[in-house]
Amino acid sequence: TTFGGPDQVTLTPGDANDSGRVEITATATPISSPPLTFRNLGAGGSLTFADAGAADTLIYLGTAGDDQFGVDAAGVVTLNDQLPVNTPGVSQLILRGLGGDDTFSIAGDHPLDSIAVEGGNPSAGDVLEFIGSGAGAVGLDLAAQTVTEAGLGTVAYSGIARIGSVTRPKRPKK
């Protein structure tokens, strides 16, 4: 996804769960590629943003309705019933809830350098669920508006009404 350096990639979901639009802008020089519109990728499809430098920023836009965002321990991003998004070329992820009451479920052991969660309007019902892996302590800094699992990438938040944190039990080694 690169013009020769870090890029800003914006993903807008389409009306169908296997459709959307991708816009790429180089951050070093404000050069934009023509927007890429996709559709009919099929129920088993997925999107992958790969870049050898893994230095891109992905902005994933929500909808005007109530959205369910998710980021798992492998860095796979989900939004409602849209196709999963793989992020091996992404270092920073921004999830923008836009309208509706949105829920953001983020694995504490995600592989990204940072995630920013933006609740949108109205923010009165937006929720951040932070799921710790059990490998390290989970820290919540209300002043900085961040939550982190020790030694892992930070999750910053704004426009969030409620934050919940759970920890997956650590499995014993065999």
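Structure first, text after, so check above.
Below is a short write-up of the structure. All values derive from a computational prediction rather than experimental measurement.

### Details of the environment of Asn-40
(1) Moving on: In this fold, Asn-40 is placed in the loop between β3 (36-38) and β4 (47-48).
(2) Moving on: When the C-alpha atoms of Asn-40 and Ser-19 are compared, they prove to be 6.4 Å apart, with 21 residues separating the residues in sequence.

### Re the sheet that holds strand β5 (residues 56-61)
(1) Moving on: One open sheet holds the nine strands; their spatial order is β3-β2-β1-β5-β9-β11-β15-β14-β13, and the pairing between them is mixed. Strands with a single pairing partner mark the edges of an open sheet, and in this sheet they are β3 and β13 (138-141). For this sheet, the mean inter-axis angle between neighbouring strands, taken without regard to orientation, is 15°.
(2) Moving on: Examined bridge by bridge, strand β1 (residues 7-13) and β5 share four bridges and lie parallel to one another. Note on β5: the bridge partner recorded for Thr-10 is Ile-59.

### So, the packing of aromatic side chains
(1) Moving on: By the definition in use, this model includes two aromatic pairs.
(2) Moving on: When the centroid spacing of 6.0 Å and the interplanar angle of 85° are considered together, the rings of Tyr-60 and Phe-69 count as edge-to-face.
(3) Moving on: Judged by its relative accessible area of 2%, Tyr-60 falls in the buried class.
(4) Moving on: The exposure class of Phe-69 is buried, given its relative accessible area of 2%.
(5) Moving on: Plain terms: the ring middles of Phe-69 and Phe-104 are 5.0 Å apart, the flat faces sit at 10° to each other, and that makes the pair stacked. In this pair, Phe-69 sits in strand β6 (residues 68-71) while Phe-104 sits in strand β10 (residues 103-107), placing the two residues 35 residues apart along the sequence.

### Comments concerning the side chain of Asp-18
(1) Moving on: For Asp-18, the location among the structural elements is in the loop between β1 and β2 (20-26).
(2) Moving on: Although buried, Asp-18 forms no salt bridge, and the nearest oppositely charged side chain, Arg-39, lies 8.6 Å from it.
(3) Moving on: A distance of 3.0 Å separates a polar atom in the side chain of Asp-18 from the backbone nitrogen of Gly-42.
(4) Moving on: Residues within four places of Asp-18 in sequence aside, it is in contact with Phe-38, Arg-39, Asn-40, Leu-41, Gly-42 and Leu-83.

So, how was this worked out
Residues numbered from 1 in each chain as written. Predicted model: local features only at pLDDT ≥ 70, side-chain atom pairs only at ≥ 80, totals over all residues. Heavy atoms only, no water. Helix = DSSP H or I, 4+ residues; strand = E, 2+ residues; numbered from the N terminus. Pairing = 2+ DSSP bridges. Axes fitted to C-alpha atoms, helices over the stretch in contact; angles between N-to-C directions. Phe/Tyr/Trp six-rings, centres within 6.5 Å; stacked < 30°, edge-to-face > 60°. Buried < 20%, exposed > 50% of the residue type's maximum accessible area, 1.4 Å probe, protein only. Lys, Arg positive; Asp, Glu negative; His and termini not counted. Salt bridge = Lys/Arg side-chain N within 4 Å of Asp/Glu carboxyl O. Polar contact = N/O pair within 3.5 Å; in protein donor to acceptor, adjacent residues only side chain to side chain. Contact = heavy atoms within 4.5 Å.

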